[in-house]
Amino acid sequence: MVANAARGLKALFSSTLGIKVLMALTGLGMVGFLVTHVSGNALALTGNPEHINAYAKKLKDLGPLLWVARGGLIAMFLAHLVLAFKLSARNAAARPVGYHFNSAVEASWTSRHMIYTGVVILLFVLVHLAHYTLGLWGASGAAFKTAFDNHDVYRMVVLEFSNPAIAGLYVVAMAAMLLHIWHGFGSLWRSLGASHPKLQEGAQKLSMALAVLLFLGFCAVPSAVLFKLIK
Ligand code: HEM
């Protein structure tokens with residue numbers, strides 16, 4: 001039975017359709033995380049440090065449960081990444097001599113650049129984790145270190161986003177995320193079997209709205225700090 005399950009998984013991971021379905025499911029899971037994360041960030045916009053700090057403490061106090069959630073997120077992220085490169089290599093191998101016509105007529109700019117916007121997001125996540133989760137660096141130096149050691153999330157973001165270069169870096173990364181989700185969320189439904197033109201049309205509108213809302217939501221904290229709306 002275990003051998004059968006392993007064979008089934010292997011077949012799923014190696015068929016193009018299976019890869020697309022798994023990418024759709026992991027992408028959907030990560031969008032769920034982003035919606036939760038952006039809602040948590042919004043607590044900083046009240047300007048009262050206690051709001052977001054109490055939320056961050058509650059999450060930390062989850063202990064082992066938090067690690068289960070982190071494990072799931074890491075697994076989804078890695079699977080999505082490995083499958084994206086596998087699919088990209090497979091697509092490249094299927095057309096080794098290049099196109100004889102301009103395929104760009106069919107594919108949108110965002111769909112042709114999913115791998116690049118994805119790489120920007122990967123780099124962003126690595127920098128972001130080193131920044132706020134691991135506290136390995138902070139542009140505001142000793143003040144950031146103190147805030148990090150006290151798990152004063154509010155002070156951490158206010159100190160860092162007061163620096164226009166840091167706020168700008170985050171906004172640029174969020175622009176890559178906007179493009180990635182715009183195309184990814186719109187097309188994942190087709191991978192999951194919803195290919196009716198009416199459903200496709202709805203999915204396109206929904207993905208645009210979601211991508212723009214997430215972009216604005218994530219840019220809100222860096223912008224509010226930079227323009228001194230919160231301090
Ligand atoms: C510009 C908007 C963002 C801000 C202000 C922000 C802020 C933060 C902060 C302060 C933490 C640490 C929380 C804590 O230690 O309690 C954190 C953790 C994290 N953020 Fe963000 N974030 C932003 C965007 C993003 C995006 C777009 C992603 C994913 C693509 C992301 C992924 C993560 C992850 C994976 C963690 C670690 C969660 C954990 O510790 O389990 N963040 N973020």
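Residues numbered from 1 in each chain as written. Predicted model: local features only at pLDDT ≥ 70, side-chain atom pairs only at ≥ 80, totals over all residues. Heavy atoms only, no water.

**Focus: the coordination of the iron atom of the ligand**
Moving on, step 1. At the metal site, the iron atom of the ligand is ligated by His-37 (NE2) and His-128 (NE2), and these contacts range over 1.9 to 2.0 Å.
Moving on, step 2. Around the iron atom of the ligand sit 6 donor atoms; with metal-centred angles ranging over 86 to 180°, the donor geometry is octahedral. In this pair, His-37 sits in helix H2 (residues 16–41) while His-128 sits in helix H6 (residues 114–133), placing the two residues 91 residues apart along the sequence.
Moving on, step 3. Residue His-37 is classed as partly exposed on the basis of its relative accessible area, which comes to 26%.
Moving on, step 4. You can call His-128 buried: its relative accessible area is 18%. (Donors = N, O, S within 2.8 Å, 3.2 Å for Na, K, Ca; no water. Tetrahedral: all angles 85-135°; square planar, octahedral: opposite > 155°, others 65-115°. Helix = DSSP H or I, 4+ residues; strand = E, 2+ residues; numbered from the N terminus. Buried < 20%, exposed > 50% of the residue type's maximum accessible area, 1.4 Å probe, protein only.)

**Here we look at the packing of aromatic side chains**
Moving on, step 1. Throughout the structure, instances matching the rule amount to 7 aromatic pairs.
Moving on, step 2. Between Phe-124 and Tyr-170, the ring centres sit 5.2 Å apart and the planes meet at 90°, which makes this aromatic pair edge-to-face. On the criterion of sequence distance, the pair formed by Phe-124 in helix H6 and Tyr-170 in helix H9 (residues 164–191) is long-range, its members being 46 residues apart. Each member of the pair Phe-124 and Tyr-170 is classed as buried.
Moving on, step 3. Summarising the aromatic geometry, the rings of Tyr-132 and Tyr-170 are spaced 6.2 Å apart at their centres and angled 55° between planes, so their arrangement reads as tilted. With Tyr-132 in helix H6 and Tyr-170 in helix H9, this residue pair connects regions lying 38 residues apart in the sequence. You'll find Tyr-132 and Tyr-170 in the same group, each marked buried.
Moving on, step 4. Three or more aromatic residues joined by ring pairs form one cluster here, namely Phe-124, Tyr-132, Phe-144, Phe-148, Phe-161 and Tyr-170.
Moving on, step 5. Positioned above the aromatic ring of Trp-67, the side-chain terminus of Arg-70 is 4.5 Å from the ring centre. (Phe/Tyr/Trp six-rings, centres within 6.5 Å; stacked < 30°, edge-to-face > 60°. Lys NZ or Arg CZ within 6 Å of the ring centre and 35° of its normal.)

**Digging into the packing of H2 against H9**
Moving on, step 1. Closest axis-to-axis distance for the H2/H9 pair is 9 Å, and the angle between their directions is 130°. It follows that H2 is oblique to H9 by the angle criterion. Between H2 and H9 lies a crossing whose hand is left-handed. Where H2 approaches H9, its residues Leu-17, Lys-20, Val-21, Ala-24, Leu-28, Val-31 and Leu-34 are matched on the opposing element by Met-177, Ile-181, Phe-185, Leu-188, Trp-189 and Ser-191. (Axes fitted to C-alpha atoms, helices over the stretch in contact; angles between N-to-C directions. Parallel < 35°, antiparallel > 145°, perpendicular 65-115°, else oblique. Left-handed = near helix turned anticlockwise from the far one by under 90°. Contact = heavy atoms within 4.5 Å.)

**Details of the site of the ligand**
Moving on, step 1. Of all residues adjacent to the ligand, which total 21 residues, the nearest are His-37, Arg-70, His-128, His-151 and Phe-218.
Moving on, step 2. Residue His-37 places a side-chain N or O atom 2.8 Å away from a nitrogen atom belonging to the ligand.
Moving on, step 3. Arg-70 is positioned such that a nitrogen or oxygen atom in its side chain is 2.6 Å from an oxygen atom of the ligand.
Moving on, step 4. The set of elements that each furnish at least two residues to the shell around the ligand consists of H2, H6, helix H8 (153–161), H9 and helix H10 (197–226).
Moving on, step 5. In terms of residue count, H6 provides more of the shell around the ligand than any other element does, 6 residues in total.
Moving on, step 6. Residue composition of the shell around the ligand, grouped by class: 15 nonpolar, 5 polar and 1 charged. (Near = heavy atom within 4 Å. Polar contact = N/O pair within 3.5 Å; in protein donor to acceptor, adjacent residues only side chain to side chain. Nonpolar A, V, L, I, M, F, W, Y, C, P; charged D, E, K, R; others polar.)

**Digging into the side chain of Thr-117**
Moving on, step 1. Turning to its location among the elements, Thr-117 is positioned in helix H6.
Moving on, step 2. Among the polar contacts made by the side chain of Thr-117, one reaches the main-chain carbonyl oxygen of Met-114 at a distance of 3.1 Å.
Moving on, step 3. In terms of polar contacts, Thr-117 uses its side chain to reach the side chain of His-180, at 3.0 Å.
Moving on, step 4. Once you skip the residues sitting within four places of it in the chain, Thr-117 turns out to touch Ala-176, Leu-179 and His-180.

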